[in-house]
Amino acid sequence: MNLESPKTTINKSPETVFNFLSDIKNFEKLMPDNISKFEVLGEDKFLFALKGMPEIILKKKEMIPPNKIVLGAAGGKLDFSLIGNITEIDANTSEVQLQFSGEFNAMMAMMIKGPISKFLETLASNMPKAV
């Protein structure tokens, strides 16, 4: 299953956006209002939970400065990635698009598609004011 957020324009350089997303503590600023838990577990790993959803641990898997950062599920029963693609529009403007990629059975995919799409949208829409 592959989902994408809308593209979001941020009035910062790709390097600034990349550095913001590289610091996992900053993901707390991007989370939706219905977050029930956020905990940094190390330099490259954090845990979060949204009301009514299980806890999810994300870990930095790959970084290609200043254009791409990949977070992946760390532990748990689900294997998926959250990818941030950063594109330079000009020296002080970037475009960010988040992608969610994971292998799920049809029933699970049907259940999580809506909430995950909304989650990606929220993360992306919170970026311009958070970065």
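The rules behind the values
- Residues numbered from 1 in each chain as written.
- Predicted model: local features only at pLDDT ≥ 70, side-chain atom pairs only at ≥ 80, totals over all residues.
- Heavy atoms only, no water.
- 1 Å grid on protein atoms, 1.4 Å probe; cavity = no way out; pocket = protein on both sides within 12 Å on 5 of 7 lines; lining within 4 Å.
- Points joined across faces, edges and corners; volume = space filled by probe spheres on them.
- Helix = DSSP H or I, 4+ residues; strand = E, 2+ residues; numbered from the N terminus.
- Pairing = 2+ DSSP bridges.
- Core = buried A, V, L, I, M, F, W, Y, C linked by side-chain atoms within 4.5 Å.
- Buried < 20%, exposed > 50% of the residue type's maximum accessible area, 1.4 Å probe, protein only.
- Contact = heavy atoms within 4.5 Å.
- Phe/Tyr/Trp six-rings, centres within 6.5 Å; stacked < 30°, edge-to-face > 60°.
- Patch = residues over 30% accessible without salt bridge, like charges linked within 9 Å, V, L, I, M, F, W, Y side chains within 5 Å.
- Areas by Shrake-Rupley, 256 points an atom, 1.4 Å probe, with all protein chains shown as cover.
- Salt bridge = Lys/Arg side-chain N within 4 Å of Asp/Glu carboxyl O.
- Polar contact = N/O pair within 3.5 Å; in protein donor to acceptor, adjacent residues only side chain to side chain.

> What is the right way to read empty space enclosed by the protein from this model?
Think of a ball as big as a water molecule: rolled over the atoms, this probe shows where empty space is left. Inspection of the entire model under this criterion finds 1 cavity of 30 Å³ or more. Estimated volume of the largest cavity: approximately 40 Å³. What lines the largest cavity is Leu21, Phe27, Ile69, Leu71, Leu82, Ile83, Gly84 and Leu98. Going through the elements one at a time, strand 6 (68-73) and strand 7 (80-90) are the ones with two or more residues in the lining of the largest cavity. For the lining of the largest cavity, the element with the highest residue contribution is strand 7, accounting for 3 residues.

> Hey, could you run me through the pairing of strand 3 (residues 35-42) in this one?
Along a regular strand, successive side chains alternate from one face of the sheet to the other. Sheet topology places strand 3 next to strand 4 (residues 45-50); 6 bridges connect them, and they run antiparallel. Note on strand 4: the bridge partner recorded for phenylalanine 38 is phenylalanine 48.

> So what exactly am I meant to see when it comes to the nonpolar core here?
Nonpolar side chains tend toward joint burial in soluble globular proteins. Judged by nonpolar contacts, the single largest core of 35 residues is most densely connected at Leu21, Phe27, Leu30, Met31, Phe46, Phe48 and Met127. Where this core is concerned, the elements lending two or more residues are helix 1 (14-22), helix 2 (27-30), strand 4, strand 6, strand 7, strand 8 (93-102) and helix 3 (106-130). At 9 residues, helix 3 tops the list of elements feeding residues into this core. Ignoring anything within four residues of it in the chain, the contact list for phenylalanine 27 reads Leu21, Phe38, Phe46 and Leu71.

> It is not clear to me how the packing of aromatic side chains should be interpreted in this structure. Could you clarify?
Here the distance between the centres and the angle between the planes together describe a pair of aromatic rings. Summed over all chains, the structure comprises 6 aromatic pairs. Judged by centre distance (6.0 Å) and plane angle (5 degrees), the rings of phenylalanine 100 and phenylalanine 104 are stacked. Grouping residues by exposure puts phenylalanine 100 and phenylalanine 104 together as buried. Through successive ring pairs, a cluster of aromatic residues spans Phe27, Phe38, Phe46, Phe48 and Phe119.

> Just checking my understanding: could you explain a nonpolar patch on the surface for this structure?
On the surface, a nonpolar cluster with roughly 380 Å² of combined accessible area is contributed by Met107, Met110 and Met111. Overall, the relative accessible area of 64% leaves methionine 110 in the exposed class.

> What's the story with the side chain of asparagine 26 in this structure? I'm lost.
Mapped onto the secondary structure, asparagine 26 falls in the loop between helix 1 and helix 2. For asparagine 26, the side chain forms a polar contact with the main-chain oxygen of phenylalanine 20, separated by 2.9 Å.

> So what exactly am I meant to see when it comes to the environment of threonine 93 here?
Mapped onto the fold, threonine 93 is located in strand 8. Separated by 77 residues in sequence, threonine 93 and threonine 16 place their C-alpha atoms 9.8 Å apart. Here threonine 93 is in contact with Thr9, Ile10, Asn11, Lys12, Ser13, Pro14, Thr87 and Glu88, once residues within four sequence places are set aside. In this structure the side chain of threonine 93 is engaged in a polar contact, spanning 3.0 Å, whose partner is the side chain of aspartate 90.

> For this particular structure, what's the right way to read the pairing of strand 7?
Here strand 6 runs beside strand 7; their pairing, made up of 5 bridges, is antiparallel. For leucine 71, the partnering residue across the bridge sits in strand 7 and is leucine 82. Two strands pair when backbone bridges link them, and strand 7 and strand 8 are joined in this way by 10 bridges, in the antiparallel orientation. What sits directly across from isoleucine 86, in strand 8, is valine 96.

Such coordinate-based values are descriptive only and should not be taken to indicate function.
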